[in-house]
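# Observations on the three-dimensional arrangement
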Amino acid sequence: MSIRERLYPGEQELPVLAPHCSDARYVWNLALEQRNLRRRERSQKITYNTQAHGLSEARKESWLKEGSAAVQQQALRDLNQAFQNWCNRPDHFGRPTWHKAGINEGFAVRDLSVRCINRRWGQVFVPKCGWVKFRVTREWSDIETASSASVTLDRSGRWFVSFTRLAPQIERKSTGSVVGIDMGIAITVATSEDKSLKPQKLLTKGQRQRKRRLQRRLARQVKGSNRYRVTKLAIAKLAAKEVDRRKDWIELTTTDLVRDYDLISLEALKIKNMTKSAKGTKDKPGKNVKAKSGLNRSILEQGWGLFCQRLTDKATNAVTPVEIIAINPAYTSLRCSECGYTDKKNRESQALFHCLSCGYKDNADVNAAKNIIAAGLAVQERGGQSHIVSNKTQHSDPVKRTTTPKAA
């Protein structure tokens, strides 16, 4: 777990923090290139120790000696840990990639030292920079017990310091309640208890209009010019407001769900596959590319991945256990939660579900959430399948599907 606080460097400290970010990014990319060359040429194995020795030699004869050795060495440690994570769990961690200027701006502080100024302010010691002030919004005891920290710069020009510590346990009592969750676009989270959870507008009407005007202006400006950078920074500041408000809503909502329910069943969504581009290739161009691009943006704006991640993390750290069950979402929006009849015609519209068999009507997302909790209970209690099989379609052959007679 990390505690993220806003960092407020002074005019004398900014010229030191920015080069630290550049040094860490340069060392990371250089070490990554060495490992990539070794992999292509199948040469002698490269380890952290060999690269650390090479860094020490390079600092004697290059401009790297002007930077902090602690920051540069920690970049090597982070890369080595990233490769270990990828080798041990390739299904969860991706292969380390390049760090880019303007995107990956940050460095780690290993030997952490902090001190409290007052109830609102504290200071963290940064190598070759000294004490830098940050805003305190958490309990000081949580910050004081942190083992390490990282300093980052976001695209809107804000500095942050993140303190790493063990995740605290969430205080809760067993309620015996269960809930199913359906993730959507119009309604971010629909529960089986007929609750619709979605954040308020992340930007005001005026801010949304200003963002559109800035995006149009950016498209007309010369890329890389001073005006281009000013406009891009203004857009980044508005985007930062959206991100902060979305994260705040996700943290509050996931905490409430973990405290209120003992079992939470949700969809096992493959967001990366759902948001793939529809452009196609030059020989085989895609269809409805603009519509698919708009759908992809709408999906990513909901923050489904972060929501599921934070929900799982908090359920794991709860004092009283909370079980999270991921269900295959196939047919959950087409199956009647009352009689079990499945047909694509049951979905009258994006929002309305009307069963053709029993006449049951409900909000489509709420009906899907009821199917999800039913499947979750089957997994928990009776060892049932973690997906709902259609009454009309069988998946034995992914190319040719056979249709079964409609149930009476």
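Look a little higher up for the structure.
Residues numbered from 1 in each chain as written. Predicted model: local features only at pLDDT ≥ 70, side-chain atom pairs only at ≥ 80, totals over all residues. Heavy atoms only, no water.

Time to look at a nonpolar patch on the surface. Side chains of Tyr26, Leu30 and Trp63 sit close together on the surface and give an oily, nonpolar patch of about 300 Å² of accessible area. Mapped onto the secondary structure, Tyr26 falls in helix α1 (residues 14-41). Judged by relative accessible area, Tyr26 falls into the partly exposed class, the value being 37%. (Patch = residues over 30% accessible without salt bridge, like charges linked within 9 Å, V, L, I, M, F, W, Y side chains within 5 Å. Areas by Shrake-Rupley, 256 points an atom, 1.4 Å probe, with all protein chains shown as cover. Salt bridge = Lys/Arg side-chain N within 4 Å of Asp/Glu carboxyl O. Helix = DSSP H or I, 4+ residues; strand = E, 2+ residues; numbered from the N terminus. Buried < 20%, exposed > 50% of the residue type's maximum accessible area, 1.4 Å probe, protein only.)

Let us look at the sheet that holds strand β3 (residues 114-116). If you walk across this open sheet you meet the seven strands as β2-β6-β7-β1-β5-β4-β3, and the pairing is antiparallel. The open sheet has two edge strands, β2 (106-109) and β3, and neither has a second partner. With direction set aside, neighbouring strand axes in the sheet form an average angle of 35 degrees. Alignment of strand β4 (residues 121-126) against strand β5 (residues 130-135), held across six bridges, turns out to be antiparallel. Bridge pairing in β5 places Gly122 opposite Phe134. Sitting on the sheet, α1 is in contact with β1 (2-8), β2, β4 and β7 (159-164), with an inclination near 95 degrees to β2. (Pairing = 2+ DSSP bridges. Axes fitted to C-alpha atoms, helices over the stretch in contact; angles between N-to-C directions. Contact = heavy atoms within 4.5 Å.)

This paragraph deals with the packing of aromatic side chains. Throughout the structure, instances matching the rule amount to seven aromatic pairs. Judged by centre distance (6.3 Å) and plane angle (10 degrees), the rings of Phe134 and Trp140 are stacked. Clustering of aromatic rings is evident, with ring pairs tying together Phe134, Trp140 and Phe163. Note that Arg115 overlies the ring of Trp131, its terminal NZ or CZ placed 4.0 Å from the centroid. The lysine or arginine in question, Arg135, covers the ring of Trp121, its NZ or CZ lying 5.4 Å from the ring centre. (Phe/Tyr/Trp six-rings, centres within 6.5 Å; stacked < 30°, edge-to-face > 60°. Lys NZ or Arg CZ within 6 Å of the ring centre and 35° of its normal.)

Position of Arg115 relative to the elements: it lies in strand β3. A C-alpha to C-alpha distance of 31 Å links Arg115 and Trp249, two positions 134 residues apart in sequence. Discounting residues that sit within four places of it in the chain, Arg115 has contacts with Gly122, Gln123, Trp131 and Trp140. Of note is the side chain of Arg115, whose polar atom sits 2.6 Å from the side chain of Gln123. (Polar contact = N/O pair within 3.5 Å; in protein donor to acceptor, adjacent residues only side chain to side chain.)

The next subject is the nonpolar core. Judged by nonpolar contacts, the single largest core of 35 residues is most densely connected at Leu7, Phe107, Val124, Phe134 and Phe163. When residues of this core are assigned to their parent elements, the largest contribution, seven residues, is made by α1. For Leu7, the contacting residues outside a window of four places in its chain are Leu17, Val124, Val132, Lys133, Phe134, Val151, Trp159, Phe160 and Val161. (Core = buried A, V, L, I, M, F, W, Y, C linked by side-chain atoms within 4.5 Å.)

So, on to the pairing of strand β8 (residues 178-183). Here β8 lies mainly inside the structure; five of its six residues are buried. Sheet topology note: the β8/strand β11 (residues 263-267) ladder contains four bridges and is parallel. In the strand pairing of β11, Gly180 is matched with Ser265. One ladder, built from three bridges, connects β8 with strand β9 (residues 189-191); its direction is antiparallel. Looking across to β9, one finds that Ile181 is bridged to Thr191. With antiparallel pairing between neighbouring strands as the criterion, β8 and β9 make up a hairpin whose turn holds five residues.

Function cannot be read off these values alone, since they describe shape.
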